[in-house]
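# Summary of structural features
The residues making up each chain are set out below.
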Amino acid sequence: MRSSAFVEIKNAAKSFGTLQVLRDINLSVERGQIVAIIGPSGSGKSTLLRAINELDPLTSGEVWLEGVQINRQLPPRQYEKHVNQVRQNIGMVFQHFNLFPHLTVRGNITLAPRMLKGISEADANALAEEQLTKVGLLEKIDEYPSRLSGGQKQRVAIARALAMKPKVMLFDEATSALDPELVEEVNQVMKQLAEEHMTMIIVTHEMDFAASVCDRVIFMDGGVVVEEGPPSVLFKNPQEERTRNFLRKHLARNGD
Amino acid sequence: MSALLVLARKTISKGPNMDIDLILRVYPFFIEAAWVTIELSVLTTILGLTCGALGAAARLSRNVVLRAIGAVYVSVFRGTPALIQLFILYFGGPQIGINLDAFDAGVIGLGVNIGAYMTETMRGAIISVNKGQTEAARTLGMSRWETMRKVVLPQAMRMMIRPLGVNINALIKGTALVAAISVVELTYTAQRYIGSTYKPFEMFLLSGVLYMVIIYIVGHGISWLDRKARIV
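In this report, we go over the structure that sits alongside the text. (Residues numbered from 1 in each chain as written. Chains lettered and ligands numbered in written order. Predicted model: local features only at pLDDT ≥ 70, side-chain atom pairs only at ≥ 80, totals over all residues. Heavy atoms only, no water.)

### Things to note about helix H1 (residues 45-52) of chain A
All names here are of chain A. Quick reminder of the rule: Relative accessibility thresholds used throughout: buried, under 20% of the residue-type maximum; exposed, over 50%; partly exposed, between the two (1.4 Å probe, protein chains only). Segments assigned H or I by DSSP are reported as helices when at least four residues long, segments assigned E as strands when at least two residues long, and all are numbered from the N terminus.
Burial analysis of H1 places 7 of its 8 residues in the buried class, which makes it a mostly covered element. All of the buried residues along H1 are Lys45, Thr47, Leu48, Leu49, Arg50, Ala51 and Ile52. Count one or two residues on from H1 and you reach Glu54, which has phi positive near 65°.

Laid out in structure tokens, this is it:
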């Protein structure tokens, strides 16, 4: 069944052995929409994000991107090809950056486009420069990742993902590993992407950021979506007890 | 303990008793033998690295059969003495139709043996590359093999230089074992000259010093490689 939404997750369930981490999740994201997923640790939010690009495949349920089912059941070889193909459309940014330490910033950004899209070296360099300009790090193009600060690493990681021209970007706690003073520069880049109407799904602990950037906030707990809505409603007037509890704790902690 | 003291006193009372002239007379033959040891070491290293790479690939394969073959290889060759493996190959080989001269048997026996250790060295380095590296490459759309070749292996190879150096160090000293199947290398040469001169101290000392020279040079080569390969 084709889906009308840009990203659609249907009846998603996932267990690791006997531990069920996702139970019957339904979620659809429109093109250009920015969705934050919040919730306590262990709520399944990262697992859900990682299910979208098949890093942690679902036990059951479907994931669709622009009318193409991502988690198709295929024989191993075809599955590999299919997954490698669809992943090119889905950028992902990790908590711990995962830059390739043996490559320069340029090498990090151009590796996948050169290999997978067969573009020339000159075009790849132009692409790297374009993406680095966007994240404000053009002068670091020939540095190795070890010479960058955490915030700079994460901006390069974003540039690397963007160089594949993805249709949707997934952020898995992109600022959680950063020193507080470096969070803002990464948030700025994400805001800029939002202004360019990039479709984004953001797992985050930063309620302020979610409130200021996102169109929708999804609160997960115990592997289910407890409540969702626009930030103005969900943060100011949560309907569910669990949401209220979570927000109370979280906002209290942030307030200190 | 007291016996040792008595022995020490006797040795000292007799004074230093080393036949320097003999050493000067025979050392050219030992140098020649050292070249055989070096040749053995180089060929064994090449075979060992090949077996190690294949073994590591098998052990990390998604194919159950290949994984099992890799595991059996490692446990058999690390689980039995290298000397026994050499004896089976050289003395037992002809019984099952394998006729090798001593040198070839030495290279093959030692190479396949050290390959089992190198398998584990290489596998260890590969799996110690952070899982996030693979995830990042895969989410960009790179295949397993592309990820291995462009992201994991370049990092793993840097990490395996030193531990492979340890394997090679062990292998060089391990070439002494092939004296037992009569390959005329350093240890065998020492034994042969002891047979005619009855001077084991001088002869073993001379061969020992030459082993050390080889090990020293190789050790420095490994350190140099390791430094060069460091990620900036």
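### Side note on the interface of chain B and chain A
Where we set the bar: In what follows, residue pairs with any heavy atoms lying within 4.5 Å of each other are defined as contacts. Two parts placed together each lose some accessible area; with a 1.4 Å probe, that loss summed over both constitutes the buried area. Each salt bridge in this description consists of a side-chain nitrogen of Lys or Arg and a carboxyl oxygen of Asp or Glu lying within 4 Å of one another. Whenever two N or O atoms come within 3.5 Å, that pair is a polar contact, provided that in protein one can donate a hydrogen and the other can accept it, and provided that, for residues adjacent in sequence, both atoms are side-chain atoms. Amino acid classes used here: Ala, Val, Leu, Ile, Met, Phe, Trp, Tyr, Cys and Pro are nonpolar; Asp, Glu, Lys and Arg are charged; the rest, including Gly, are polar.
Listed as interface residues are 23 residues of chain B and, on the opposing side, 24 residues of chain A. In total, chain B and chain A occlude about 2100 Å² of area from one another, counting both sides; carbon and sulfur atoms represent 62% of this. Counting every contact that joins chain B to chain A gives 3 salt bridges. Here Glu80 of chain A and Arg138 of chain B are joined by a salt bridge, their closest N and O atoms 3.3 Å apart. Here chain B and chain A share 8 residue pairs in polar contact (both at pLDDT 80 or more) between them. Those elements that provide at least two residues to the side of chain B that touches chain A are helix H6 (131-139) and helix H7 (144-174) of chain B. In the side of chain B that touches chain A, the residues fall into 8 nonpolar, 6 polar and 9 charged.

### Describing the pairing of strand E2 (residues 19-29) of chain A
The side chains of a regular strand alternate between both faces of the sheet. In plain terms, the rule: At least two bridges found by DSSP between two strands is the condition for calling them paired.
Both strand E1 (residues 7-16) of chain A and E2 of chain A contribute to a ladder of 7 bridges, which runs antiparallel. Residue pairing for E2 of chain A: Glu8 of chain A is matched across the bridge by Ser28 of chain A.

### Comments concerning the sheet that holds strand E8 (residues 199-203) of chain A
Residues and elements named next belong to chain A. The condition is simple: To obtain an axis, a line is fitted to C-alpha atoms, over the contacting stretch when the element is a helix, and the angle between two such axes runs from 0 to 180 degrees between their N-to-C directions.
On the basis of which strands lie adjacent, the open sheet formed by 6 strands has the order E6-E7-E8-E3-E9-E10 and mixed pairing. Strands with a single pairing partner mark the edges of an open sheet, and in this sheet they are strand E6 (90-93) and strand E10 (224-229). Direction aside, neighbouring strands of the sheet carry axes that sit 20° apart on average. Looking at chain direction, strand E7 (residues 168-172) and E8 are connected through 5 bridges and run parallel. Directly across from Met169, in E8, lies its bridge partner Met200.

### Points about the sheet that holds strand E5 (residues 68-69) of chain A
All names here are of chain A. Pairing within the open sheet is antiparallel, and its 4 strands lie in the order E2-E1-E4-E5. Looking at the sheet topology across the chains shown, the edges are occupied by E2 and E5. By the bridge criterion, 5 bridges tie E1 to strand E4 (residues 60-65) in an arrangement that is antiparallel. Along E4, the bridge assignment pairs Ile9 with Val63. Here H1 sits on the sheet and contacts E1, E2 and E4; the angle it forms with E2, its principal contact strand, is near 60°.

### Details of the nonpolar core
Residues and elements named next belong to chain A. Under the convention used in this document: By nonpolar core we mean a set of buried residues, namely Ala, Val, Leu, Ile, Met, Phe, Trp, Tyr and Cys, connected to one another through side-chain atoms within 4.5 Å.
Counting 48 residues, the largest nonpolar core has Ile38, Leu132, Ile158, Met169, Phe171 and Met200 as the members making the most contacts within it. It is helix H6 (residues 180-195) that contributes the most residues to this core, 7 residues altogether. With near-sequence residues (within four places) excluded, Ile158 lies in contact with Val93, Met169, Phe171, Val186, Val189, Met190 and Leu193.

### Notes on the pairing of E7 of chain A
Residues and elements named next belong to chain A. Rules: Viewed with both strands pointing away, a crossover whose connecting path from the first strand over the helix to the second turns clockwise is right-handed.
Of all the 5 residues making up E7, 5 are buried; the element is thus mostly covered by neighbouring parts of the structure. Residue alternation in E7 divides its side chains into two sets, Val168, Leu170 and Asp172 and Met169 and Phe171, and both sets are buried. The sheet contact formed by E6 and E7 spans 4 bridges and is parallel. Of the residues in E7, the one forming a bridge with Ile90 is Val168. Assessed by its sense of winding, the connection that carries the chain from E7 through H6 to E8 is right-handed.

### A word on the side chain of Thr119 of chain B
Residues and elements named next belong to chain B. Position of Thr119 among the secondary structure elements: in helix H5 (residues 102-127). Classification of Thr119 by relative accessible area gives buried; the value is 0%. Contact partners of Thr119, with chain neighbours within four places excluded, come to Cys51, Gly52, Gly55, Ala56, Arg59, Tyr73 and Val74.

### Side note on the environment of Gly221 of chain B
Within the secondary structure layout, Gly221 of chain B lies in helix H9 (residues 200-229). Between the alpha carbons of Gly221 of chain B and Gly165 of chain B there is a distance of 9.1 Å; along the sequence they are 56 residues apart.

### Re a nonpolar patch on the surface
Residue and element names in this part refer to chain B. Here is the rule we go by: Here a patch means residues that are over 30% exposed by relative accessible area and free of salt bridges, tied together within 9 Å if like-charged and within 5 Å if nonpolar (Val, Leu, Ile, Met, Phe, Trp, Tyr). Computed with a 1.4 Å probe, the accessible areas rest on the Shrake-Rupley method; for each residue, only the protein chains presented here act as cover.
Taken together, the side chains of Met18, Ile20, Leu24, Tyr27, Ile31, Trp35, Phe201, Leu205, Val209, Val213, Tyr216 and Ile217 define a hydrophobic patch exposed on the protein surface, amounting to about 1200 Å² of accessible area. The leading source of residues in the nonpolar patch is H9, at 6 residues. Among the secondary structure elements, Leu205 is positioned in helix H9.

### Quick look at the packing of aromatic side chains
Condition: The aromatic pairing rule takes the rings of Phe, Tyr and Trp, using the six-membered ring of Trp, and pairs them if the centres are within 6.5 Å, calling planes under 30 degrees apart stacked, those over 60 edge-to-face and the rest tilted. Note on criteria: charge over ring means Lys NZ or Arg CZ within 6 Å of the ring centre, with the direction from the centre no more than 35 degrees off the ring normal.
By the definition in use, this model includes 6 aromatic pairs over all chains. Aromatic side chains Phe30 of chain B and Tyr193 of chain B sit 5.7 Å apart centroid to centroid with 40° between the ring planes, which places their arrangement in the tilted category. Of this pair, Phe30 of chain B sits in helix H2 (residues 20-59) while Tyr193 of chain B is found in helix H8 (residues 186-197), placing the two residues 163 residues apart along the sequence. Of the two residues, Phe30 of chain B and Tyr193 of chain B, both sit in the buried class. Site record: aromatic cluster; members linked through ring pairs are Phe29, Phe30 and Tyr193 of chain B. One residue, Arg160 of chain A, lies across the ring of Phe100 of chain A, its end atom 4.4 Å from the ring centre.

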